[in-house]
Amino acid sequence: MAETTGGEPDDGAAEVLDRPLPDGVRRRVVQIVSDGFGGLTVAELPVQLRQYARFAPNRRAKFAGNAMAAALETDPLFRQRIAEKLREAQPEIVDALDSGAPPPAADPLDVAAAAYVLRPTGWVKLVTAAGEEALRADAERADEESRAELERLREELAEARAHTRTETERLRTELESAKKESESLHRKLRGALSDVKRGEAALRKLHAETDTARAEGQAQVSAAESESRRLKTRLSEAEAALEATRKAAREGRSVEDMRVRLLLDTVLDAAQGLRRELALPPVSVRPAETVDAVEPGRMTPKDIAARALSENDPAILDQLLALPQAHLVVDGYNVTKTGYPQMPLEKQRLRLLGQLSQLAAQTGAEVTCVFDGAELAAPVLLAPPRGVRVLFSKAGVTADELIRQLVRAEPPGRPVIVVSTDREVADGIAKAGARPVASVVLLKRLSRG
């Protein structure tokens, strides 16, 4: 148990607190230990408190409060050292406790906490009295708060009663007004009921008229359906007659082609005379040269595109190439893979371009050959043959799209022939005014030499 500074047993050491330390006293005790804690060396501290030696007093009291209270209770030497620090910090209270007469002006909690640390004779009574005093103070404080709360509630009750009287008068006034408004609404309701009855009578009359109109409409619909069936029959007959007319027109196409050729020759002769009169210079730039594409030698392996197949009538290729200013656009790989797919791509290109050069020399037509860049594994070093323009599709642009760009670049009226078996390409360029021809047709023409 605790000892006095002189080393003699303390009379209060034998006293035991038979109840828990009051919370207020405990907080003051922890604060006393925390304040005296900093004045001790690490070696003077109990082992369990040494980890808190560097903490600030407030932080130490917060995190080590339970440990300090336990050490103070179980370690007499530690309590004696804290008592010495307390004697230095609060000599007035300590002297008063030693004399057995605590100062009446001192805070009972401070006196009880000091007595708990110093353990003078009668310290248990001081601690117990301080706890009871704290409880009485709390009770008085709660009583004061209760009286203040009661007074406040009384004032609120008085205000509520006054407000209730005012609200009652207002509601009474509103009730009178509502009664008058209700009477007015009753009168309006009676008038509205009369209007509803008149409206119901008018509605019944309208329903009767609607039924009559519906019956007439159904009769008209039946008549219209009969007329529609008759017209569909006549339409079928007209379509059959039109098909027969088209068949007869196809059979007489050769005569019409001859007339068109004669008309074209006439126009061509007139145009040549007009050119001589106007002294027009020759055209140095072709529309196909304005289309953005990759020329041989400038391509990278990434310039790729896609291909497809299609067919068309081969009988009129020579006639088409004989038209003035004809432009032949060839889907290169579409033709070579139709005619000789077993050959390497490089030989396919060389064979087709050589034959197209001969065809250009024979017909005098402008010839453009488009290859799909997707088949390239490396840049192509190729010298285009005489009379043939060679283009490769760029990255992200298919050969079919490049062909459509070439067709759109030509002026309306110029004969443009596109060789490809791709049905989508054929349909697209046909809408643009060009003439599609199947790849097998060109292969047969080239095989004649």
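Here we summarise the structure given alongside this text. The model shown is predicted, which means the values in this text are computed figures rather than measured ones.

Here's the deal with the overall build of the chain
Thought 1: For the chain, the count of helices and strands is 14 helices and five strands.
Thought 2: When the 449 residues of the chain are sorted by exposure, 31% land in the buried category.
Thought 3: Residue pairs in contact within the chain that sit at least 24 positions apart in sequence constitute 69% of those at least 6 positions apart.
Thought 4: When the accessible area of the chain is evaluated, it comes to approximately 28300 Å², of which 55% is carbon and sulfur surface.

A few points about the sheet that holds strand S4 (residues 416-419)
Thought 1: The five strands lie next to each other as S3-S2-S1-S4-S5, forming an open sheet whose pairing is parallel. Across the chains shown, the open sheet's two edge strands, defined by having one partner strand only, are strand S3 (388-392) and strand S5 (435-437). Strand-to-strand twist of the sheet, defined as the mean angle between neighbouring strand axes without regard to direction, takes the value 20°.
Thought 2: With four bridges joining them, strand S1 (residues 327-331) and S4 adopt parallel strand pairing. Residue pairing across strands places Val329 opposite Val418, the latter belonging to S4.
Thought 3: On the sheet, helix H10 (residues 332-339) packs against S1, strand S2 (366-371), S3 and S4 and is oriented at approximately 60° with respect to S1.
Thought 4: Running at roughly 165° to S2, helix H11 (residues 345-363) makes contact with S1, S2 and S3 of the sheet.

Describing the packing of H11 against helix H14 (residues 439-447)
Thought 1: Two elements in contact, H11 and H14, have axes separated by 10 Å at closest approach and are oriented at 75°. Judged by the angle between their axes, H11 and H14 are roughly perpendicular. Where H11 abuts H14, its residues Leu352, Gln355, Leu356, Leu359 and Gln362 lie against Leu442, Arg445 and Leu446.
Thought 2: In terms of residue class, the contact of H11 with H14 is made up of five nonpolar, two polar and one charged.

A few points about unusual backbone geometry
Thought 1: Despite not being glycine, Gln325 has its phi angle at roughly 60°, a positive value.
Thought 2: Structurally, Gln325 is set in the loop between helix H9 (317-322) and S1.

With respect to the pattern of salt bridges
Thought 1: A complete count under the given rule lists 17 salt bridges for this structure.
Thought 2: The salt bridge involving Glu366 is made with Arg389; its shortest N-O contact spans 3.0 Å. Linking Glu366 in strand S2 with Arg389 in strand S3, this pair joins segments that are 23 residues apart in sequence.
Thought 3: Looking at Arg389, the relative accessible area reads 16%, which means it is buried.
Thought 4: Note that Glu401 is salt-bridged to Arg404, the shortest N-O span being 3.3 Å. Here Arg404 and Glu401 lie together in helix H12 (residues 399-409), a separation of three residues that amounts to about one turn.
Thought 5: For Glu401, a relative accessible area of 25% gives the class partly exposed.
Thought 6: Connected through shared salt-bridge partners, Glu366, Arg389, Glu410 and Arg414 make up one network.

Definitions and cut-offs
Residues numbered from 1 in each chain as written. Predicted model: local features only at pLDDT ≥ 70, side-chain atom pairs only at ≥ 80, totals over all residues. Heavy atoms only, no water. Helix = DSSP H or I, 4+ residues; strand = E, 2+ residues; numbered from the N terminus. Buried < 20%, exposed > 50% of the residue type's maximum accessible area, 1.4 Å probe, protein only. Contact = heavy atoms within 4.5 Å. Areas by Shrake-Rupley, 256 points an atom, 1.4 Å probe, with all protein chains shown as cover. Pairing = 2+ DSSP bridges. Axes fitted to C-alpha atoms, helices over the stretch in contact; angles between N-to-C directions. Parallel < 35°, antiparallel > 145°, perpendicular 65-115°, else oblique. Nonpolar A, V, L, I, M, F, W, Y, C, P; charged D, E, K, R; others polar. Salt bridge = Lys/Arg side-chain N within 4 Å of Asp/Glu carboxyl O.

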